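Structural overview
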Amino acid sequence: KIPLRKLDTLKDSLKVNVTLWYFNDGMLTIKYYNSNLKKETTIAAYAYDTDSENGILSIVFNKKALYYKVGVASTGNFVLLKREEKLK
């Protein structure tokens, strides 16, 4: 399970180091943000696709797609990605 939370503040105001996930046009970029240095460092980038009808996110790791069921809290600020072994 991977819990994600929408960043609702400017990242420069963060007091702790965090990992940021950017979903943009089929590319997921994961970055480490150092709050002391106010600097982002790219950790990894992966292609992704969504199946919004079934709430599935597929992320391509090493040429293999991994599937995650997406659960969104009613506020829209929290998401839980739960690994699916196979698509149903």
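Overview of the structure. (Residues numbered from 1 in each chain as written. Predicted model: local features only at pLDDT ≥ 70, side-chain atom pairs only at ≥ 80, totals over all residues. Heavy atoms only, no water.)

1. Re the nonpolar core
- In terms of nonpolar packing, the biggest core is built from 8 residues, these being Leu 28, Ile 30, Tyr 48, Leu 57, Ile 59, Leu 66, Tyr 68 and Leu 81.
- Those elements that provide at least two residues to this core are strand S3 (27-34), strand S5 (56-61) and strand S6 (64-72).
- Not counting the four nearest positions on each side in its chain, Leu 57 is found in contact with Phe 23, Tyr 48, Asp 49, Thr 50, Leu 66, Tyr 67, Tyr 68, Val 70 and Leu 81. (Core = buried A, V, L, I, M, F, W, Y, C linked by side-chain atoms within 4.5 Å. Buried < 20%, exposed > 50% of the residue type's maximum accessible area, 1.4 Å probe, protein only. Helix = DSSP H or I, 4+ residues; strand = E, 2+ residues; numbered from the N terminus. Contact = heavy atoms within 4.5 Å.)

2. Looking at unusual backbone geometry
- Although it is not a glycine, Lys 38 adopts a positive phi angle of roughly 55°.
- Considering the arrangement of structural elements, one finds Lys 38 in the loop between S3 and strand S4 (39-51).
- With a relative accessible area of 42%, Lys 38 lands in the partly exposed category.
- A positive phi angle is found at Lys 63, which is not glycine, with a value near 65°.
- Topologically, Lys 63 is positioned in the loop between S5 and S6.

3. Observations concerning the pairing of strand S7 (residues 78-84)
- Sheet topology note: the strand S1 (residues 2-5)/S7 ladder contains 4 bridges and is antiparallel. In the sheet register, Ile 2 faces S7, and the bridge partner there is Leu 81. (Pairing = 2+ DSSP bridges.)

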